[in-house]
Amino acid sequence: MALLKVKFNQKKRVKLAQGLWLMNWFSVFAGILVFSMGLFLKIELRKRSEVMDNSESHFVPNSLILMGILSCAFNGFAGKICYDSLDPTKFAKWKPLLKPYLALCFFFNILLFFVALICFLMRGSLESTLAQGLKNGMKFYRDTDTPGRCFMKKTIDMLQIEFKCCGNSGFKDWFEIQWISNRYLDFSSKEVKDRIKSNVDGRYLVDGVPFSCCNPSSPRPCIQYQVTNNSAHYSYDYQTEELNLWRRGCREALLQYYSSMMSSMGAFVLLVWLFEVTLF
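Residues numbered from 1 in each chain as written. Predicted model: local features only at pLDDT ≥ 70, side-chain atom pairs only at ≥ 80, totals over all residues. Heavy atoms only, no water.

Looking at an unreviewed UniProt entry, one finds the chain named Peripherin-2, with Semnornis frantzii as its source organism. Per its UniProt entry, the chain bears the Sequence similarities (unreviewed entry) comment "Belongs to the PRPH2/ROM1 family." UniProt's Subcellular location (unreviewed entry) comment on the chain is quoted here verbatim: "Membrane". (UniProt positions renumbered as here; feature names shortened; annotations may be inferred.)

## As for the state of the cysteines
Counting across every chain of the model gives three disulfides. Covalently, C165 is tied to C250 through a disulfide, its sulfur atoms 2.1 Å apart. Taking the sign of the S-S torsion, 85° for the link of C165 and C250, the bridge is right-handed. Within this pair, whereas C165 is found in the loop between α6 (152–163) and α7 (190–197), its partner C250 is found in helix α8 (residues 250–279), the two being separated by 85 residues in sequence. Take C250: its relative accessible area is 1%, and that puts it in the buried class. Here C214 engages in a disulfide with C222; their sulfurs sit 1.9 Å apart. As the torsion about the S-S bond is roughly -75°, the C214-C222 disulfide counts as left-handed. Taking relative accessible area as the criterion, C214 reaches 16% and is therefore assigned buried. (Disulfide = S-S within 2.5 Å. Helix = DSSP H or I, 4+ residues; strand = E, 2+ residues; numbered from the N terminus. Buried < 20%, exposed > 50% of the residue type's maximum accessible area, 1.4 Å probe, protein only.)

## Describing the pattern of salt bridges
All chains considered together, the criterion is met by seven salt bridges. Ionic pairing is found between K47 and E44, a salt bridge with its closest N-O pair at 2.9 Å. On the criterion of helical spacing, the pair formed by K47 and E44 is a turn pair, its members being three residues apart in helix α1 (residues 10–47). Given the relative accessible area of 5%, E44 is considered buried. A salt bridge links R48 to E44, with the shortest nitrogen-to-oxygen separation between them at 3.4 Å. Given the relative accessible area of 7%, R48 is considered buried. (Salt bridge = Lys/Arg side-chain N within 4 Å of Asp/Glu carboxyl O.)

## Regarding the side chain of D143
Residue placement: D143 occurs in the loop between α5 (123–139) and α6. Setting aside its immediate chain neighbours within four residues, D143 contacts R149 and C150. (Contact = heavy atoms within 4.5 Å.)

## Some remarks on a nonpolar patch on the surface
Taken together, the side chains of F113, L117, F120 and L121 make up a nonpolar region of the molecular surface, amounting to roughly 370 Å² of accessible area. Looking at where L121 falls in the secondary structure, it is placed in helix α4 (residues 98–121). For L121, a relative accessible area of 63% puts it in the exposed group. (Patch = residues over 30% accessible without salt bridge, like charges linked within 9 Å, V, L, I, M, F, W, Y side chains within 5 Å. Areas by Shrake-Rupley, 256 points an atom, 1.4 Å probe, with all protein chains shown as cover.)

## Re the UniProt feature "transmembrane region" (unreviewed entry) in the chain
In the UniProt entry, the feature "transmembrane region" (unreviewed entry) is given for residues 20–41, 62–81, 101–122 and 255–275. Structurally, residues 101–122 comprises 95% helix and 0% strand, and the distance from its first C-alpha atom to its last is 31 Å. Secondary structure across residues 255–275 comprises 100% helix and 0% strand; the distance between its end C-alpha atoms is 30 Å.

## Observations concerning the packing of aromatic side chains
Under the defined criterion, the tally for this structure stands at nine aromatic pairs. Between Y141 and W174, the ring centres sit 5.1 Å apart and the planes meet at 70°, which makes this aromatic pair edge-to-face. Within this pair, whereas Y141 is found in the loop between α5 and α6, its partner W174 is found in the loop between α6 and α7, the two being separated by 33 residues in sequence. With a relative accessible area of 3%, Y141 lands in the buried category. The exposure class of W174 is buried, given its relative accessible area of 0%. With a centroid separation of 6.2 Å and 20° between ring planes, the pair formed by W179 and Y225 is classed as stacked. (Phe/Tyr/Trp six-rings, centres within 6.5 Å; stacked < 30°, edge-to-face > 60°.)

What follows is the structure in structure tokens.
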């Protein structure tokens, strides 16, 4: 719809109305895609909500879902107006609503552009959310008998296997927490007693990692215990040898996964915004 008054003959008026009607329904389809992307991203974030510290990360999918619904509503309404404009008697009832509708479209396009930018700018917030969430999740890894936390071991293991990662920022993060449950420790053993006594907090710390950190593509059997003890393994030097553990931390892996997804969605929303501005 035009902002300035332009005179058209009947033939041009029909062609214009048909063209705008078609473009508006293309926009409705784009709105459905934006809604679907937001829903998909929300589901992906909820899958790993246990390793995320807060709900701020859901701002992006919620915004995409809202923009998708508004896009379908505004463009569907515009399509109806364009269709009725072919009949002067039907179009007369829409004339008083054109200016308020155009004002709403203006604000909608501003919001759509803002959502596109947010998709590109959420990386910093997402990184801090993942860092703290993974840190907390790793602390609860051993609590397989604690109600509300018994699922955390499976969650972390599946995460490390799926994303080929280990720890928060790297495999050495596991050295700083007790990830082995007390129920599997022999407290009569001198080694166990010495390790617990040597730690201020009374934790059983080892230079080992869960099995899910192992790289199955490595030709050597996985060395997941005494990782930093060269003498414990034959022909081994942990500082120079290519370890058969995943090198990348899960924070980096998840951040790359979600950031690339949000960037792609932001680029698509930006294209939708350009199309909406052209249509507007």
